[in-house]
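The lines below spell out each chain.
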Amino acid sequence: MGREALVATFAREAGLLAAIHAARQSGHAVGEVFAPYPVHGLDEALDAPPSRLPWITLAGGMAGLVAAAVFQAWAAVIDWPLNVGGKPANSALAFLPITFEATVLLGGLATAGAFFWRSRLGPRAVPRRLAAGVTDDVLALVLPLGSIGDEEALRELLAAAGAREIRKEVW
Amino acid sequence: MASAITEIPDREDSGQSRRDFLKLMGFSVGAAALASCTPIPERQAVPLLSQPEGLLPGVESWYATTCGGCPAGCGLLAKDRDGRPIKVEGNPRSPISRGATCAVGQATVLSLYDDQRLRGPRLHGRPATWEEVDAFVDERLAAIAARGGALALLTGTIISPSSRALIAAFLHRFPNARHVVHDAVSLAALREANRRSFGRPVLPRFRFDRARVIVGLEADFLGTWLSPVELARAWADGRRLEKPAEMARHYQFEGGLSLTGSNADRRTGVLPSQLGLVALALLERVARRAGTPVPAAADLPCDAALLDAAANDLWRHRGESLVVCGVNDPAVQVVVNRLNFLLGNVGRTLDLTHPSWQRQGDDAAVAELMAGMERGEIHGLLLWGVNPAYDHPQAERFVRALGNVPFKVSFAERVDETAMHADAVCPDHHELESWGDAEPVAGALSLRQPAIAPLFDTRAAAASLLRWLGGPGDVYAWLREHWRREIFPRQSRWARFDDFWDHSLQDGVCELPAEDDVGEEPVDRADLQAAAAEILASHREALAARRESGYEIRFYEKVGLRDGRHANNPWLQELPDPVTRITWGNYACVSPLLAADLGLVEGDVVILRSGGRALELPVHLQPGQPRQAISVALGYGRTRAGKVGDGVGGNAFPLMPFRNGFVRGHAIGVRLEKTGRREKLAAVQLHDSMEGRPIVREASLDEIRRDPAAGNEERPPLLSLWEERPREGHFWGMAIDLNACLGCGACVVACQAENNVAVVGRDEVRRGREMHWIRIDRYHSGEVDEPRTVYQPMMCQHCGNAPCETVCPVLATVHSSDGLNQQVYNRCVGTRYCANNCPYKVRRFNWFDYADNDRFDYNMNSDLGRMVLNPDVVVRSRGVMEKCSLCVQRIQAGKLAAEVAGSPPADGDIRTACQQACPSRAIVFGDLNDPGSEVSRRQGSPRFYRLLEELNTRPVVGYLTRVRNLPEEEA
Amino acid sequence: MTDLLELRPALLEGSPTLRQITEEIARPLDARPTLGWLACFLAAATALGLGAAAATYEVMTGIGTWGLNKTVGWAFDITNFVFWIGIGHAGTLISAILLLLRQKWRTAISRSAEGMTIFAVMCAGLFPLLHMGRPWFAFWIFPYPNGRGPLWVNFRSPLLWDVVAISTYFTISLVFWYVGMIPDLATLRDRTEKRWKRRIYGLLSLGWDGSRKTWSRYETLSLILAGLATPLVVSVHSIVSMDFATSVIPGWHATIFPPYFVAGAVFSGFGMVMTLLILTRKVMALERYITPRHLEAMAKVLLLTGSLVGFCYLTELFIAWYGGNPFERAAFWNRATGPYAWAYWTMMTCNLFVPQLLWSKRVRTSVPALFVISLLVNVGMWFERFVIIVTSLHRDFLPSSWWMYKPTVIEVAILIGSFGLFFTLFLLFVRTLPIISMWEIKGLAAEASRSAAEKA
């Protein structure tokens, strides 16, 4: 979204958090944060909503459970009932282990799939490189320049927070 | 539907069985063409069950014939599929077999397809044409006749009347010829004793079914002696526990644990050299009661109380008791004759008026012939059905003597130890290829007709003789003519000979009315003093020999290999000996007590030295073996039997002593040396004890009389988590009477033949991988020197709640609606989980490809051998599990037949192979949903139990308790 | 984390900067392989080749090339299978359960433990395949529509449960492992010079850019996967134990098996992790990240699970006696005194007695001692499975069928081969992927410095 933004890089997460705090104080929206590790308390600082992945897990798990249970029962009771060890065609107890495993399998795969999809991760995906070293030891903060925003104030704010370098990028 | 799955030829991978089957069809269609083009089966043979018009492919036809496995002469039915015999079964009309067979009989069909058989005649060690051979023989015979040279015809026991007539004709044509009969294991002494005692040099017909008390001395009449199938059936009939619970009591005194002894109610081990003393001791006791003076026995060979008990029982059942002795020493037999005479058994349980011809060997005559040969007095020798170069105690001497005989002809079907020295070998047909007849017991005749045209360029021995007598060599004509002249007049049922002939041929047997010239009851005139003196003399001799730390060897036959003539038959080699449970080879059975003293363990190889001869054998620790006696089986150590039989075990014949005219069944003064080597025996069972588990349930007759459920008290309560499945239609089941089962192993070979069970060979058996679908577990209990032995046939129990079915991931074993536990070979992936989870361990896994694999060069590795395969049963491929199917193919066939007939199959219409073969009728199969069926009756018996019932596997196969009729003081 | 201060020095020696962490962990991947590594790899690859040859021969010729017989239908094959599955449990346990328990010390070892899990499960998976009489029809155990009806499979068979459980376990573990590596792969992508390496890491890192949104979803995903893997890890070995527990064979038919097997699995798994880490930290010079503190923590787990296992052994014996089932009694008496007693007592010694040494701090903190103990634990756990399988089978209900089992060279070769496969994969892993989770260590370091700041 070809808008201009200031990209500030930090060496320590304290500075980053301070900068975010200050920016939000002064009514600036925070575009994105890049970090080599999950920064503790970042979501809280941005009061971002919690991920909805658990619902996908639930859905996938349910699907697996129902599919496994129904298929086993259908195959063993309706499609081709056989006398196996004198047990009843519907040996429901014996069908539990597979049902459980299917639940876990589909739950897990669905969640992972959803994660990749939502985060646009894939073999072809091209990483956004707004600052070098964000996968190594650099924390980067992206502040989009709003119409009303005056760049100087922002730069000072970031510098005050201890930004190493501040560049203007398009993103 | 499910059972249909098992019928599908293996689609996924058994190109195996399909390819085999096609090849085999190819070959057999050839054979079928022969069989049907050549007039023999078409015009002259009359199938018993199906109409004679031609062969229907895939439809079996049955030919009544006579077994050639041994001279017992059991009537057989040969089952033909597409022109080739694939199975033999007992002929129910035969008074000898009464529908059953022994293991050997079952296996004869495989010998037919033995690819070591000669493909044609041989002259001077090279293949030749019959013309050349005939020319040679004619010329030589003429020459010999011209200068009055001496001819000898050395044959085995010949029970065929027409052949005996033929031999008579031959002797007539060559006046200076003689006929000598040689039996590897002879009963000559018994015939001699009957001559001395009753003036009749014959074998009596033993009627065990009429005997209430039986005392056996060494004679293994249930396993190998004289006529096992006939005698076993009679013995079992005398012990059936029909109401009122009555059964004969059986004592056995023997030099080693035999099949018969292990089935006796009271069995004791006696040194072989002391069996005579046992006879004397019994005679003394009986005579005392009879009030006739007899010479007293020296010292007692065994517990006096036991002898008293036996004598008491014998005396109490005068006229319905029987003493039978297998010692080949006329002195002992004379004493036994006197016993039976004093007990009034002669003419009742001992029939001398309808004698048995089942053994005619004359040891003395053979020895005499040998001497003649050595002196060069024999100018021509014809060998028919004998192999003295292997099975005569003085084989080397015989071979040397052969050198002095300028002209030797053998009728052997292979170049065996004797035939290799013959100028001409004129291979005889296999009995399933030939015409013939038999009169094993006076008045009981049976016919032999070919079930297939000769596979090779062979010729019936009789045909050869006929040809050399100048005739056309047509055995059929000779046979028919003989029956017209000799047999037909002796019967009254049929007016026209053709009817008589056709019916006899169709039935396979005909019983002639007893001759009237029975004459007066025979009276015992033997010189008992002399006999007793002889016995005591040889006893003192044995005593002296033992004092010089000598041992005794007892020679015995195994139910499988018998005298060794079938050594090249893999089914018999792999048949476990019922008592030792060891296959593939013989061994020296020593008492565990002796082994402990000598520091011997199972498998230690020892050298036995006797009379200048030595034999190297591994040791087997055998409970019940007298301390100073060693049992060694005959019939092994062949050198010219073929690729299967050669070099298996050691030949014990040379160690048999020849004493005043008779080959002794035991040797004395034997030395035993250790070699330090060890050889693993190919046993199929390593553990002898039941560990106190109620596996074979036992009770004494008295207990049974008091409470029919005695010994069978354990009845665990069976709960179910779900409601039982309904039992509609048929519900197959089986009941096995452990009181009837002898453990003889006929069922094992029958099953092998019926179900294409693979032979795996010695090494694989050693690894515990034999494939038999039915096995006969044998357990010992009690004292090491006086073990109590029980047998238990064990096959798939077809559990209603089958542990194997539940665990198979691919549904390769499931349950049929009629109660069968089915193994679906073409579905199996071979996890072996089912076998692990089987409490009865009856499942067998195909560790290798057993068909078409040079590592297993047995019958399934050649087109010829594969002709014996049953096309109704898939040949299993490598990596699949297999097991007893209760002969599902027979069940299906039976149901089909019933459907065609429009009536449900009657009880007994469908019989499994094991049930069919069983000489003692121990196994009964049938429909449990039919309350009237025999199997339902048996399963209703208070003696009935299911094995490991507490596991709640709900088997449809079950057992009836074993009952011992113990002597009073022990009961 | 209250214990963080107490843990910090032990969990991370010195206070490396984020750059240092990246460098020290990623450096070995660029450096030429050390001689030590090459030697190990050669040995492992040779073992693998040997095993492959033996397995090929077996498949071509038949199961008869093994020492099995009519009575003992399973031995080395299933023993190895259960053994490797057991090994495969520590990884997930460490990364999942310890993650949920917020055990910080796991960070340094979780990656390698997870890798170990994957490889162990691969080894385990071989044996059900190889032990089949007709492995080329192995696919028949999957319920796919077929021309035989379709004939489905037997959902009542524990063997089928096994297949499903293990493939599920393998899949989830693989996802968990891979997802956990994505940020580090991105790090490698951005620092490596070689173009082809960058291409590969680029593909594998799926365009990871470390944005805040992704991170927060990412942490949720890790938690969820951990939450799923935890019951999974318990279920898998419970199901494996049902192969035996649901049978009728005395010595197999035991309700105690599921917990017993899970405890055993964790035990053996930690044993193997310990062995590997002690080697790795030496060979890869990672003493700073894998500290004695880690080893001691694992030693405590070993002590706990070892005692659990031992408790199960004793319970089994007690119940065999107390239950009064004659077959059961015979089976256990035979274990302790029969022809395979030597195996039983090996198991008892290695699994019950030896771990008791870990009560002593001196032993827990002595790396050589721990190494020896961890090896003994592996041996002991292999024998546990051998004892359960072989001694139960070789003498069951009917004495007529009692038989002995003796392995053949083929079986031994295949066992060696499975170790070869395992170590080959592990050695390749330590050469190509970061065996310590850089981003987690960084998080740990940041947290440490933060709390240090708070203290100041």
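Everything here concerns the structure above.
What you see is a predicted model; the values in this text were computed from it and never measured.

Draft legend 1. Examining the interface of chain A and chain B more closely. Counting from both sides, the interface comprises nine residues of chain A and, opposite them, 12 residues of chain B. Here chain A and chain B share an interface that buries about 1100 Å² over both sides, 62% of which is from carbon and sulfur atoms. When residues of chain A are sorted by the area they lose upon contact with chain B, Leu82, Asn83 and Gly85 of chain A head the list and together hold 46% of the total. Taken together, the connections running from chain A to chain B amount to zero salt bridges.

Draft legend 2. Seen up close, the packing of aromatic side chains. In total, this model carries 76 aromatic pairs over all chains according to the counting rule given. Taken together, a centroid distance of 5.8 Å and an interplanar angle of 45° make the contact between Trp584 of chain B and Tyr858 of chain B tilted. With Trp584 of chain B in the loop between strand S21 (582-583) and strand S22 (588-590) and Tyr858 of chain B in the loop between strand S36 (844-845) and helix H27 (863-866), this residue pair connects regions lying 274 residues apart in the sequence. Classification of Trp584 of chain B by relative accessible area gives buried; the value is 6%. Judged by centre distance (4.9 Å) and plane angle (75°), the ring pair of Phe244 of chain C and Trp252 of chain C falls under edge-to-face. Like Phe244 of chain C, the residue Trp252 of chain C is buried in the burial classification. Put simply, the rings of Phe83, Trp84, Phe119, Trp177, Phe419, Phe422, Phe423, Phe426 and Phe429 of chain C touch in pairs and so form one group of aromatic residues. The ring of Phe174 of chain B has Arg173 of chain B lying over it, and the distance from NZ or CZ to the ring centre is 4.4 Å. Arg855 of chain B extends its terminal NZ or CZ atom over the ring of Phe848 of chain B, reaching a point 4.1 Å from the ring centre.

Draft legend 3. A look at the interface of chain C and chain B. Facing 56 residues of chain C, the contacting portion of chain B comprises 60 residues. Where chain C abuts chain B, roughly 4700 Å² becomes buried across the two surfaces, and 58% of that area is made up of carbon and sulfur atoms. In terms of surface lost to chain B, no three residues of chain C exceed Lys70, Arg134 and Leu398 of chain C, which account for 16% of the buried area on that side. Applying the counting criterion to the chain C and chain B interface returns three salt bridges. The partner of Lys70 of chain C in a salt bridge is Glu770 of chain B, and the shortest N-O contact between them spans 2.6 Å.

What counts and what doesn't
- Residues numbered from 1 in each chain as written.
- Chains lettered and ligands numbered in written order.
- Predicted model: local features only at pLDDT ≥ 70, side-chain atom pairs only at ≥ 80, totals over all residues.
- Heavy atoms only, no water.
- Contact = heavy atoms within 4.5 Å.
- Buried area = accessible area lost by both parts, 1.4 Å probe.
- Salt bridge = Lys/Arg side-chain N within 4 Å of Asp/Glu carboxyl O.
- Phe/Tyr/Trp six-rings, centres within 6.5 Å; stacked < 30°, edge-to-face > 60°.
- Helix = DSSP H or I, 4+ residues; strand = E, 2+ residues; numbered from the N terminus.
- Buried < 20%, exposed > 50% of the residue type's maximum accessible area, 1.4 Å probe, protein only.
- Lys NZ or Arg CZ within 6 Å of the ring centre and 35° of its normal.

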